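Architecture and fold: a report
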Amino acid sequence: MQLAMIEDKVIPYAELEPVYLDRGAFFGDGVYEVIRSYEGRLFALDEHLARFARSLREIAIDGVDIADVRQRIETAFDRASIVNAKVYFHITRGSGDRGHGAPKDMKPRFFLTVMELADNPKNKEDGISVSTFPDWRWKRCDIKSLNLLPNVLAKMDAEKKGCGEAILVNDAGEVTEGSSSAFFIVRAGGREIVTRPLGPDILPSITRAIVERMAGEAGVRMIEAAFRPEDAGRAEEMFLAVTTQDIVPVVRFDGTQVGTGRPGACTKRLIEIFAEYARRRR
Ligand code: PDD
């Protein structure tokens, strides 16, 4: 008899719920997004949906109607009635007998959660510590795929060191991004912010794009350039950019104090402008 075992319970294979045969679980074969709301309005939904559509296209999951995805997100968000929410959603290639090759007629599976988003004002006020970790990821990090094992291992290492985020360093010795955030350094007396150029080795972060849009107003020039941990170590300030926390100052880098050891003026200005932008956009 073909069978399956879930924990210690044996059941006939034919009775397995399809969710156990999901390619997301077997292979990480799917893509996802995380969106947040500010004061009851979803933020940057169009941008997240555009990136999601691109991720789906890049891994050849076809036939997903993005207008329908939008509708589901809006319906779920309304139903949850959570003012400051994070909405996680993913689509996997579907369910079927385990095998690397995927039958053409698979039905993509949609999954979503709406949860309270716990803002962490202390992180913004005091800044966080980060530590470096090797970037062990694949060569298409521009796709927001469910395959996050290297990111998870990096974050676990950072947590073990008492840090809030891992900063990934590639084989060439260059900083790519955070394990789940974009990463910026500040130099030239607070007039320049530097982050890695977009490409296949980093995620095209929506928050990064918003920082780029705000740069003029903040009186800074955003420079897209490769840099190394040594350059980061000499930076006046540094910060993370990520949907769930917008901008987070970094005050320790691999155990060394950054600048004064307090969030710097440039980062604080960006946080303020971002908050204003989020208010306007909702
Ligand atoms: N992470 N880089 C990586 C590897 C990320 O996973 C994320 C986001 C970012 C920032 O992207 P954005 O500004 O679009 O949120 C950069 C999400 C929040 C997550 O995986 O939970």
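Everything numeric here is computed off the predicted structure, so don't read it as measured data. (Residues numbered from 1 in each chain as written. Predicted model: local features only at pLDDT ≥ 70, side-chain atom pairs only at ≥ 80, totals over all residues. Heavy atoms only, no water.)

To continue, consider the environment of G189. When you line up the elements, G189 lands in the loop between β10 (182–187) and β11 (192–195). As for G189 and A235, which are separated by 46 residues in sequence, their C-alpha atoms are 9.7 Å apart. (Helix = DSSP H or I, 4+ residues; strand = E, 2+ residues; numbered from the N terminus.)

Quantified by volume, the largest pocket comes out at close to 830 Å³. When residues of the lining of the largest pocket are traced back to their parent elements, those giving at least two are β3 (30–38), α2 (45–58), β5 (85–92), β6 (109–116), α5 (149–160), β9 (175–178), α6 (206–218) and β13 (237–242). Here the element with the most residues in the lining of the largest pocket is α5; it accounts for four residues. For the lining of the largest pocket, the residue count by class is 18 nonpolar, 15 polar and six charged. (1 Å grid on protein atoms, 1.4 Å probe; cavity = no way out; pocket = protein on both sides within 12 Å on 5 of 7 lines; lining within 4 Å. Points joined across faces, edges and corners; volume = space filled by probe spheres on them. Nonpolar A, V, L, I, M, F, W, Y, C, P; charged D, E, K, R; others polar.)

With that settled, the discussion passes to the packing of α6 against helix α8 (residues 265–281). The N-to-C vectors of α6 and α8 enclose an angle of 110 degrees; their axes lie 10 Å apart at closest approach. With respect to α8, the axis of α6 lies roughly perpendicular. For the pair α6 and α8, contact is made by T207, I210, R213, M214, E217 and A218 and by R269, L270, I273, F274, Y277, R280 and R281, respectively. Taken together, the residues of the contact of α6 with α8 break down into seven nonpolar, one polar and five charged. (Axes fitted to C-alpha atoms, helices over the stretch in contact; angles between N-to-C directions. Parallel < 35°, antiparallel > 145°, perpendicular 65-115°, else oblique. Contact = heavy atoms within 4.5 Å.)

Moving on, we come to α6. Under the 1.5 Å per step criterion, the end-to-end length of α6 is 18 Å for 13 residues, consistent within 8% with the ideal 18 Å. The largest bend along α6 measures about 30 degrees and falls at E212. Here α6 has its buried residues at I206, T207, R208, I210, V211, M214, A215 and A218. At the N-terminal boundary of α6, the capping side chain belongs to S205, with an oxygen 3.2 Å from the backbone nitrogen of T207. Phi turns positive one or two residues past the end of α6, at G219, with a value near 75 degrees. (Expected span 1.5 Å × (residues − 1). Bend = angle between axes of the 7 residues up to and from the residue. Buried < 20%, exposed > 50% of the residue type's maximum accessible area, 1.4 Å probe, protein only. Polar contact = N/O pair within 3.5 Å; in protein donor to acceptor, adjacent residues only side chain to side chain.)

The next point concerns the side chain of S55. Positionally, S55 belongs in helix α2. At 3.2 Å, the side chain of S55 forms a polar contact with the backbone nitrogen of K144. Excluding its chain neighbours within four sequence positions, the residues that come into contact with S55 are V31, I143 and K144.

On to α8. Taking 1.5 Å as the rise per residue, α8 with 17 residues should run 24 Å; its terminal C-alpha atoms sit 24 Å apart, in good agreement. Taken as a whole, α8 has its buried residues at C266, T267, L270, I271, I273, F274, Y277 and A278.

What follows is about the domain arrangement of the protein. The accessible area lost on association of the parts is a frequent measure of interface size. The assigned domain composition of the protein is domain 1 (3–116) and domain 2 (121–281). For domain 1 versus domain 2, the distance between C-alpha centres works out to 27 Å. At the interface, 24 residues of domain 1 touch 21 residues of domain 2. Counting the contacts that link domain 1 with domain 2 gives three salt bridges. A salt bridge links D142 to R54, with the shortest nitrogen-to-oxygen separation between them at 2.8 Å. At the level of elements, α1 (23–27), β3, α2 and β5 are the ones that each hand at least two residues to the side of domain 1 that touches domain 2. (Domains from an automatic or database assignment. Salt bridge = Lys/Arg side-chain N within 4 Å of Asp/Glu carboxyl O.)

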